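Architecture and fold: a report
Letter by letter, the chains look like this.
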Amino acid sequence: MELRQLRYFVTVVEEANFTRAAARLHLAQPGVSAQIRQLERELGQALLDRSGGSVTPTEVGEAVLPYARAALAAVEGVRATVDEFTGLLRGRVTIGVVSGAAADRFDVASLLADFHDAHPAVEIALTEDNSERMLAALRAGELDIAVIGLPDEPPPGICAQIVLDVPLVAAVAPDDPLVAHAGPAGIPPSALRDRPLISLPPGTGLRGVLERCCAAAGFRPRIAFEAASPHLLAQLAARGLGVAVVPELPAEAAEAYGLRTLPIGGRPRPRGRIALARRTDGPAGPAARALLDLLGEALQ
C-alpha cells in the first residue's frame, strides 16, 4: 500500500469521477484507475462502486476513507512541521464561500490572491455552496474554513466568528400595498402571510432566518421565487413579482434598484449574519491557520 494510492482513492471519492480526479491530480486517468485497482487487489475488497453515473465508495470504501484521510493528514503534518522551522508555508487549504451573499459584501478573490502572493507554495481550493452543505463538509474534514450564512448558533463542533450582522428588510416596488400599511417601525412578520416572497434557496442562512421568523408568527412562507444572488432578488422585487426578504440595503442601493425597503419587526428582530466558520479543533495545518487569521482580520 502506497500513500499515492490513498491520495488517488480520496481524490476520486471527493470528485465522484475518475476523469475529474485525474485532472485535479495532474495525472492521466488510466494511471489513476490502475493504481486504485492495485490497492483494491491488495486489500481484497472493492473500495469504489463504478456502476452508476458517478463513482461512489462501497461500504468498505466508506469505512476505509477516514483512515486514508488520516494517513495523508499525518504525512502533511510532518511536512508542515518541518516547514514551520524554515518559515515556509506549503500544503493545501480548502475554503468554502456561501453562494452569492458573501461575494456581494466581501472581496474574497482579492484576499485569496494576496495570500497566494505571500505563500505561493500553498494550494488553495475554493468551493461555493449553501451553508448547510458547507457546515457538513467542515464537520467531515472536507473543508478547512467556510464563509457561511448563520441562521442561529453554530452546531456542536463548529466555531464561528460573525463578520456581518444586519437586520433583514422587506424590499418591494414603490407601489406595493405594504408601503402604505407600514408603520414607523416597519411591518410585523404577519404582514408577509400569503404574500409571494422572494428569497435565497433552502440551506442558506438567510432562508433559515426567514422560515424561523414566519414560523414564530404562525405561518409558512409562500416562496414565489428563489435565487442565489441578492442582486437578482432585488431585481425581481423591483419588477413587482413579490416581496424580497434581504439584508438591509444602503439607501443609495435601494434607490438604484427602484425599491422601498421596510424593516421587519419581531422579537428578536430577524437578522442576516455571515460568519467565518471552522471546526473547534482546527484547522490543523499551519497554512490553513494562516489563511484563517488573514480572513478573520480582513473580513471583520
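Please read these numbers as outputs of a predicted model, since none were measured by experiment. (Residues numbered from 1 in each chain as written. Predicted model: local features only at pLDDT ≥ 70, side-chain atom pairs only at ≥ 80, totals over all residues. Heavy atoms only, no water.)

**Here's the deal with the overall build of the chain**
- Of regular secondary structure, the chain possesses twelve helices and eleven strands.
- Dimensions of the chain, computed from the C-alpha atoms along their principal axes, are close to 75 × 45 × 30 Å.
- Looking at the chain as a whole, 44% of its 300 residues are labelled buried.
- Expressed as a percentage of contacts within the chain between residues at least 6 apart in sequence, the contacts between residues at least 24 apart total 74%.
- For the chain, the accessible surface area stands at approximately 15100 Å², while carbon and sulfur atoms represent 54% of it.
- A gap of 4 Å separates the mean positions of the 29 positive and 35 negative side-chain charges of the chain. (Helix = DSSP H or I, 4+ residues; strand = E, 2+ residues; numbered from the N terminus. Buried < 20%, exposed > 50% of the residue type's maximum accessible area, 1.4 Å probe, protein only. Contact = heavy atoms within 4.5 Å. Areas by Shrake-Rupley, 256 points an atom, 1.4 Å probe, with all protein chains shown as cover. Lys, Arg positive; Asp, Glu negative; His and termini not counted. Charge placed at Lys NZ, Arg CZ, Asp CG, Glu CD.)

**Comments concerning the nonpolar core**
- Counting residues in each nonpolar core, the largest one holds 35 residues, and the members touching the most others are I145, I148, L276, L295 and L299.
- Within the residue set of this core, elements represented by two or more residues are β3 (91-98), α6 (108-118), α7 (131-140), β5 (145-149), β6 (158-172), β11 (271-279) and α12 (286-299).
- The contact partners of I148, leaving out residues within four places of it in the chain, are V98, S131, M134, L135, R273, I274, A275 and A277.
- Listed in part, the 30 residues of the second largest apolar core include V172, L192, V209 and V243. (Core = buried A, V, L, I, M, F, W, Y, C linked by side-chain atoms within 4.5 Å.)

**Regarding helix α9 (residues 205-216)**
- The terminal C-alpha atoms of α9, which comprises twelve residues, lie 17 Å apart, in line with the 16 Å expected from a rise of 1.5 Å per residue.
- Burial in α9 covers these residues: G205, L206, R207, G208, V209, L210, C213 and C214.
- The first or second residue beyond α9 is G218, which carries a positive phi of 90°. (Expected span 1.5 Å × (residues − 1).)

**Focus: the pattern of salt bridges**
- Overall, the coordinates contain 15 salt bridges when judged by the stated rule.
- Across the pair R207 and E226 runs a salt bridge, and its minimum N-O distance is 3.0 Å. With R207 in helix α9 and E226 in strand β8 (residues 222-226), the pair connects residues that are 19 residues apart, well separated along the chain.
- Between R279 and D281 there is a salt bridge, with the nearest N and O atoms lying 3.7 Å from each other.
- Given a relative accessible area of 64%, D281 falls into the exposed group. (Salt bridge = Lys/Arg side-chain N within 4 Å of Asp/Glu carboxyl O.)

**Considerations on the pairing of β11**
- With four bridges joining them, β5 and β11 adopt antiparallel strand pairing. Considered in β11, the bridge of A146 is made with A277.
- When β6 meets β11, the two strands line up antiparallel, connected through nine bridges. Residue pairing in the sheet places I162 in a bridge with A275 of β11. (Pairing = 2+ DSSP bridges.)

**So, the confidence of the model for the chain**
- The predicted model of the chain averages 88 in pLDDT, with 96% of residues at 70 or higher.
- When pLDDT is averaged over each helix and strand of the chain, the minimum, 56, is found for helix α5 (residues 101-105) and the maximum, 95, for strand β7 (residues 196-199). (pLDDT = per-residue confidence, 0-100.)

**A closer look at the packing of helix α1 (residues 3-15) against helix α2 (residues 18-25)**
- As a packed pair, α1 and α2 sit with axes 8 Å apart at the nearest point and diverge in direction by 125°. The orientation of α1 relative to α2 falls into the category oblique. Crossing hand, α1 versus α2: right-handed. Together, R7, Y8, T11, V12, E14 and E15 of α1 and F18, R20, A21, R24 and L25 of α2 make up the contact between the two elements.
- Partitioned by chemical class, the residues of the contact of α1 with α2 number five nonpolar, one polar and five charged. (Axes fitted to C-alpha atoms, helices over the stretch in contact; angles between N-to-C directions. Parallel < 35°, antiparallel > 145°, perpendicular 65-115°, else oblique. Left-handed = near helix turned anticlockwise from the far one by under 90°. Nonpolar A, V, L, I, M, F, W, Y, C, P; charged D, E, K, R; others polar.)

**Examining α1**
- The first and last C-alpha atoms of α1 sit 18 Å apart over 13 residues, in line with the 18 Å expected at 1.5 Å per residue.
- Of the residues making up α1, those classed as buried are Q5, L6, Y8, F9, V10, T11, V12 and V13.
- Backbone geometry just downstream of α1 places A16 in the positive-phi region, at approximately 60°.

**Details of the side chain of T11**
- On the secondary structure map, T11 appears in helix α1.
- Engagement of the side chain of T11 in a polar contact is seen with the backbone oxygen of R7, the distance being 2.8 Å.
- Leave out the neighbours within four places in its chain, and T11 touches A21, R24 and L25. (Polar contact = N/O pair within 3.5 Å; in protein donor to acceptor, adjacent residues only side chain to side chain.)

**Observations regarding the environment of Q235**
- Tracing the sequence through the fold places Q235 in helix α10 (residues 230-238).
- Classification of Q235 by relative accessible area gives partly exposed; the value is 37%.
- Separated by 182 residues in sequence, Q235 and G53 have C-alpha atoms that sit 37 Å apart.

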